[in-house]
Each structure stands twice: as C-alpha cells, then as structure tokens.
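# Structural description and commentary
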Amino acid sequence: FFKRRGVPWLWWISPHASPANLTPYLKRQGIITEPRKLPAMIAPVNSRITAAEDGSGIKVWRAKTEADLQAASQIRHQAFRFPAGEAVHYFEDMREDWLLDTSPARLYLAGRQVGSPAAIGAVIKGAGLPGIYIMATLPKYMRQGFGKAVLIHLLQQIESEYDENKMVVLTASRFGFPLYSQLGFKHLFDYSIYAPPA
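Per chain, residues are indexed from 1 in the order of the written sequence. With the structure being a predicted model, the display of local features is reserved for residues of pLDDT at least 70 and the display and counting of side-chain atom pairs for 80 or more, all residues being used for whole-chain, interface and lining totals. The basis for every side-chain value is the complete set of heavy atoms in the structure, and neither hydrogens nor water enter the calculation.

## Topic: helix α4 (residues 66-79)
Three or four residues apart is the spacing at which side chains of an α-helix point the same way, because the helix has 3.6 residues per turn. Secondary structure elements are taken from DSSP: a helix is a run of H or I of four residues or more, a strand is a run of E of two residues or more, and numbering for both begins at the N terminus. Given the number of residues in a helix, its expected span is that number minus one, multiplied by 1.5 Å. Over its 14 residues, α4 runs 20 Å from end to end, which matches the ideal 20 Å to within 8%, given 1.5 Å per residue. Think of it in three bands: residues with accessible area under 20% of the maximum for their type are buried, residues over 50% are exposed, and the middle band is partly exposed, with areas taken using a 1.4 Å probe on protein chains only. Residues of α4 that are buried include every one of D68, L69, A72, S73, I75, R76, H77 and A79, and no others. Contacts between residues were defined by any pair of non-hydrogen atoms, one from each residue, lying within 4.5 Å. At its buried positions, α4 is contacted by β3 (59-62), α5 (95-99), β4 (105-111), β5 (117-126) and β6 (129-137). Phi for R81, located one or two positions after α4, is positive at around 55°.

Below you can see the structure in the form of structure tokens.
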C-alpha cells in the first residue's frame, strides 16, 4: 500500500506482538529496531475530557480540498523533520482516504484563520475503536495552542459519535505526551519501531 504511493513506512510493534516470533522474524529479514520508542496512550471518551476549551480563537476545520491536503503534507513533513524530498505528498497520495465521507479517516487542520493552517491531526476508526494520529504543528507555531485546539476538536468529534464506555487511543511523541496527559490520557506501554532497509 505505502510502496505504491511512494510513502515511507515503519512497523510499530507492541510488547504484546502476535505472533510472538514477529520481532525475531523482522530482524532476520534485515528490518531493524530503531532506538526511539513511542508511548501508546488511552483515555475514555467522555465529556470530562472534551469539556476543555482552549480559549485561543484558533479555527479548526476538516480537510476538504486539495489545498488542505497539500498544506497538511507540508506541516507533517516539517514537524516530523523528514529529509528533503521524502514524504512530500503524503496526504495527496491518499486523497480519497482523507476526503471521502465514507472513509474511516478524518483529517483536521488548525490555524488563526481557515485556509492558513499551523497544525494538523486525524481521527481514524478501526475495529470499533477511534484513534488519534498524525498530530503535528509547524515548528514556528509550537507551544501556541494549535496542537491543543486540534486535539480538543478531535475529542469532541469522537465524543459525538461514540458511547461513553468507548475508549480513544493514540501514540505519543515526547513533545505530545504532556498535552495528552493533561487531557486525561494514560500511558499503556511503549511501541518498538522497526524500519526496512534503506
């Protein structure tokens, strides 16, 4: 799937990988673990979390146009510090996955005004469980409330579609971990990350 779209990829393996020999198998294939790990986090979907207001006047909107996808790809590229020329058209290469109402994926952008985004975040639903993905903010706009505004909006969207007994999951970076913890997410375990050979 990713290879056909020219999108770089990684395997994220939890401590509870199944089958149990998956990690040794990947290593035998030359797919190696990276030193970084990503914490998996979980929170209940309820109004206690989503009642928060960022009070910043930041606008959050769902991606609906090619321009939204292009802007989101640039934000992701810069925020995740991809090398020049790598992962430049991430969202455009999967446009139907992000733009169609029938897709389980929803991409949101945030900025001082609609059309000038500084941050992104996505909700993807699978196996009856919503997950938050691709939270990213342009470096020059970090710590200005854009990430928080996107996260609160995503949680509000999830709450409007799920019962209170449902959970929401995500994987955090060291930058996002404090924000997620502030909004009620709890640390479950750390993912090991495996990368294919260059």
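## Thoughts on the environment of G128
Inspection of the secondary structure puts G128 in the loop between β5 and β6. Residues G128 and K166, 38 residues apart in the sequence, show an inter-C-alpha distance of 8.7 Å.

## Things to note about the packing of aromatic side chains
Any two of the Phe, Tyr and Trp rings considered here, Trp counted by its six-membered ring, make a pair once their centres fall within 6.5 Å; the pair's planes then place it as stacked at under 30 degrees, edge-to-face at over 60, or tilted in between. Per the stated rule, a full pass over the model turns up six aromatic pairs. Between F80 and F82 the ring centres are 6.3 Å apart and the planes differ by 65°, which places this aromatic pair in the edge-to-face class. According to the relative accessible area criterion, F82 is partly exposed, its value standing at 21%. Both rings, one in Y180 and one in F185, keep their centres 6.1 Å apart while their planes meet at 70°; by these two values the pair is edge-to-face. The burial state of Y180 is the same as that of F185; both residues are buried. Through pairs of rings, three or more aromatic residues link up here, namely Y90, F91 and W98. Any Lys NZ or Arg CZ that is within 6 Å of a ring centre and within 35 degrees of that ring's normal is treated as a charge sitting over the ring. The ring centre of Y90 lies 3.6 Å from the NZ or CZ of R76, which sits over that ring.

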